[in-house]
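As a plain string of letters, each chain reads:
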Amino acid sequence: NAGVTQTPKFQVLKTGQSMTLQCAQDMNHNSMYWYRQDPGMGLRLIYYSASEGTTDKGEVPNGYNVSRLNKREFSLRLESAAPSQTSVYFCASSARLHVGLTRPYEQYFGPGTRLTVT
Amino acid sequence: GQQLNQSPQSMFIQEGEDVSMNCTSSSIFNTWLWYKQDPGEGPVLLIALYKAGELTSNGRLTAQFGITRKDSFLNISASIPSDVGIYFCAGLSVGGGADGLTFGKGTHLIIQP
């Protein structure tokens, strides 16, 4: 059981380049999330997917798009990278919508992608 | 949006000491989670709290869900070197629109041998 995996682990982009961050989970979770972590700012939610086929904006969605490819995979795309998007990006998942769950909201995180935009 | 105030921002303690940190909010939360993050890694869930007044332990760690539902506390007893890291509280608000958690800014724990 790998839990939540993310690729790549590190990436350097030039301003204006595009890229997709990949995330996959093998815990059969319904909900998946993308956060960014910046010094002094904590973790901030970019987008989330409450269930397969749905996506919603979080606190800081501008400059990003997401795709919930299937139940396992949730990708984050930067169409035109900017230096302000230099950050560490974390994907997370939670069971969330299973009926009868007593502890649905616990989120489990991947190891992160460290992105630098120059 | 939701605001979580986590304190202290950093702690310098001696090995063997007990540690206390807390999070407070102006809003009511129905779930409190405590995470630990090691350098270069993702946050790892330590304790989850779902009911006001709940007190839960995980080894040397004990966390409490405040009665007012606006705060939570984490205590670490007899600290050891591997406790070093950043501890985050996270809360899920009652009727919150976004499904994501609101995170505190972290308490950086440094242990001096």
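All of the points below concern the structure found in this document. (Residues numbered from 1 in each chain as written. Chains lettered and ligands numbered in written order. Predicted model: local features only at pLDDT ≥ 70, side-chain atom pairs only at ≥ 80, totals over all residues. Heavy atoms only, no water.)

Below, the discussion takes up the environment of Glu 15 of chain B. Residue and element names in this part refer to chain B. Assignment of secondary structure puts Glu 15 in the loop between strand E2 (10-14) and strand E3 (19-25). On the basis of relative accessibility, which here comes to 42%, the residue Glu 15 falls in the partly exposed class. The sequence separation of Glu 15 and Gly 66 amounts to 51 residues, and the corresponding C-alpha distance is 28 Å. (Helix = DSSP H or I, 4+ residues; strand = E, 2+ residues; numbered from the N terminus. Buried < 20%, exposed > 50% of the residue type's maximum accessible area, 1.4 Å probe, protein only.)

Tallying the contact residues gives 25 residues for chain A and 21 residues for chain B. Across the chain A to chain B interface the summed buried area is about 1,800 Å²; carbon plus sulfur atoms make up 57%. Our count for the chain A to chain B interface comes out at zero salt bridges. Linking chain A to chain B there are four residue pairs in polar contact (both at pLDDT 80 or more). Every element with two or more residues in the side of chain A that touches chain B is listed here: strand E4 (31-38), strand E5 (42-49) and strand E10 (108-109) of chain A. Residue composition of the side of chain A that touches chain B, by class: 13 nonpolar, seven polar and five charged. (Contact = heavy atoms within 4.5 Å. Buried area = accessible area lost by both parts, 1.4 Å probe. Salt bridge = Lys/Arg side-chain N within 4 Å of Asp/Glu carboxyl O. Polar contact = N/O pair within 3.5 Å; in protein donor to acceptor, adjacent residues only side chain to side chain. Nonpolar A, V, L, I, M, F, W, Y, C, P; charged D, E, K, R; others polar.)

Tallied over the entire structure, the rule returns 11 aromatic pairs over all chains. Arranged with centres 6.4 Å apart and planes meeting at 80 degrees, the rings of Phe 90 of chain A and Phe 109 of chain A form a pair that is edge-to-face. One end of the pair, Phe 90 of chain A, is in strand E9 (residues 87-94); the other, Phe 109 of chain A, is in strand E10, with 19 residues separating them in the sequence. Phe 109 of chain A carries the same exposure label as Phe 90 of chain A, and that label is buried. Note on Phe 109 of chain A and Phe 103 of chain B: the rings are 5.9 Å apart at their centroids and 75 degrees apart in plane angle, and the pair reads as edge-to-face. (Phe/Tyr/Trp six-rings, centres within 6.5 Å; stacked < 30°, edge-to-face > 60°.)

This part covers the sheet that holds E3 of chain B. Residues and elements named next belong to chain B. The sheet built from five strands is open, its strands ordered E1-E3-E8-E7-E6 with antiparallel pairing. The open sheet has two edge strands with one neighbour each: strand E1 (4-7) and strand E6 (55-58). Strand after strand, the sheet turns through a mean of 15 degrees between neighbouring axes, direction not considered. Here five bridges tie strand E7 (residues 61-65) to strand E8 (residues 71-76), and the two strands are oriented antiparallel to one another. Counted as the bridge partner of Thr 62 is Asn 75 from E8. (Pairing = 2+ DSSP bridges. Axes fitted to C-alpha atoms, helices over the stretch in contact; angles between N-to-C directions.)

In short, shape yes, function no, at least from these values alone.
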